[in-house]
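Listed below, chain by chain, are the residues.
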Amino acid sequence: MILSYKEAINKALYDALEDDSDVVLFGEDDRNNLYGYTEGLYEKFGDNRVIDTPLSEAGVVGAACGAAICGLRPIVDLTTENFLYVAMDQICSIAAKTAYMYDGVYSVPITIFSSSMSVGGNAAQHSDRIHSLFMNIPGLKIICPATAQDMYSMLREAIKDNNPVLCFADRTLFWMNEEVNIQKKVEIGKAKKVRDGTDLTIVSVSGCMRIVKELLPEIEALGISADVLDVRSVVPLDFNAIKESVKKTGRIVICDTANRTGSLAGHISSLIVQYAFEYLKAPIRIAACEDIPIPYAKKLESSILVSKEKIKNEIKIVLNYKAGGKK
């Protein structure tokens, strides 16, 4: 079936609720479909399964953790990534650590869903992309699907997983359509090869894949053969797929929607230096968001975020690199 990215979220939630009576949805304004991906859920499953919560993220995540420990599989829709800050203690101290502290006697099968609103003038308090922030917390799985197929399949896997999973959506992808096979399974922890190439590796995180795909025809018109990988899963990270690509191409540009400092792109760079340095023909290059709160003004906003121009510039630098600084 043809689904948009947004519709794939709705379909994954609907099918998870339909297939397993232990799945429940906690969300803010989800009954009213305020954010466009919960249409029909309340009408179908009622207020015992689709629970409109107060605007108290810490309380909601804490309640969901308790419900998960007692046998349910809660999905918590925190709508916007910035709202996860309010629930940090429950996510990092309870969800992430309970299974370890109780030696696996208890697990917390909770899925926390949120989305990036980094474009459209949503301003600094609603525009963060924080997958890299939670990467530092052991015990959490983190996924950033960049296509409708991956959103459907990976969100379904997240809800079935016995570990706490953070699912970060990207609203720049909400209206992108593709054929979705609802029977297809996508394992959490596996990157996706988008394009085979030999000249350089492009690793994409989250919504950067949309920009990379727009850029590919321009790259190919210049006779550049790019090996393109979509990370999909932040934790666990499929570094082996990245390493094998770097071994083949010797050059890499990493594109990450997060802020540059402490980013997944930076982490991948450190792994390459440690485990694949001998294969590099040029320094690693990164296209990421500037370390600045996202401005409200759209022209300023676009200058801070990752763009096609920024990625093109990094590709140009890595392809033109000559040892000793000579070009």
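Provided above is the structure to which this section pertains.
Here the structure is a predicted model, which means the values were calculated and not measured.

**Some points on the sheet that holds strand 6 (residues 141-143)**
If you trace the seven strands from one edge of the open sheet to the other, you get 3-2-4-5-7-6-12, paired in mixed fashion. Single-partner strands in this sheet number two, and they are strand 3 (50-52) and strand 12 (233-235). Going across the sheet, the axis of each strand differs from the next one's by a mean of 20 degrees, ignoring polarity. Pairing analysis gives six bridges linking strand 5 (residues 111-116) to strand 7 (residues 165-170), with the strands arranged parallel. When the sheet's bridge partners are listed, Ser115 is paired in strand 7 with Ala169.

**Section: the side chain of Glu57**
Turning to its location among the elements, Glu57 is positioned in helix 3 (residues 57-69). Arg171 provides the closest opposite charge to the buried, salt-bridge-free Glu57, at an N-O distance of 11 Å. For Glu57, the contacting residues outside a window of four places in its chain are Glu28, Leu78, Phe83, Val86 and Ala87.

**A look at the sheet that holds strand 9 (residues 192-195)**
Across the sheet, five strands lie side by side as 9-11-10-13-14; this open sheet has mixed pairing. The sheet is open, and its two borders are formed by strand 9 and strand 14 (285-289), each paired with just one other strand. Each strand axis lies, on average, 20 degrees off the axis of its neighbour in the sheet, ignoring direction. Pairing analysis gives four bridges linking strand 10 (residues 200-204) to strand 13 (residues 252-259), with the strands arranged parallel. In the sheet register, Ile202 faces strand 13, and the bridge partner there is Val253. Helix 9 (residues 239-249) contacts strand 9, strand 10, strand 11 (226-230) and strand 13 of the sheet and is inclined by roughly 175 degrees relative to strand 11.

**Brief notes about helix 10 (residues 264-275)**
Spanning twelve residues, helix 10 covers 16 Å between terminal C-alpha atoms, matching the ideal 16 Å at 1.5 Å per step. Among the residues making up helix 10, those that are buried are Leu264, Ala265, Ile268, Ser269, Leu271 and Ile272. Each buried residue of helix 10 lies within a common arc of 165 degrees when the element is viewed along its axis, so the set occupies one face. Buried residues in helix 10 make contact with helix 6 (131-134), strand 10, strand 12, helix 9, strand 13 and strand 14.

**Description of the packing of aromatic side chains**
The final tally for this structure, using the stated rule, is nine aromatic pairs. Summarising the aromatic geometry, the rings of Phe134 and Phe168 are spaced 6.5 Å apart at their centres and angled 35 degrees between planes, so their arrangement reads as tilted. Highlighted residues: Phe134 in helix 6 and Phe168 in strand 7, separated in sequence by 34 residues. Phe168 sits in the buried class, given a relative accessible area of 1%.

Rules used in this analysis
- Residues numbered from 1 in each chain as written.
- Predicted model: local features only at pLDDT ≥ 70, side-chain atom pairs only at ≥ 80, totals over all residues.
- Heavy atoms only, no water.
- Pairing = 2+ DSSP bridges.
- Helix = DSSP H or I, 4+ residues; strand = E, 2+ residues; numbered from the N terminus.
- Axes fitted to C-alpha atoms, helices over the stretch in contact; angles between N-to-C directions.
- Buried < 20%, exposed > 50% of the residue type's maximum accessible area, 1.4 Å probe, protein only.
- Lys, Arg positive; Asp, Glu negative; His and termini not counted.
- Salt bridge = Lys/Arg side-chain N within 4 Å of Asp/Glu carboxyl O.
- Contact = heavy atoms within 4.5 Å.
- Expected span 1.5 Å × (residues − 1).
- Arc of directions from axis to C-beta.
- Phe/Tyr/Trp six-rings, centres within 6.5 Å; stacked < 30°, edge-to-face > 60°.

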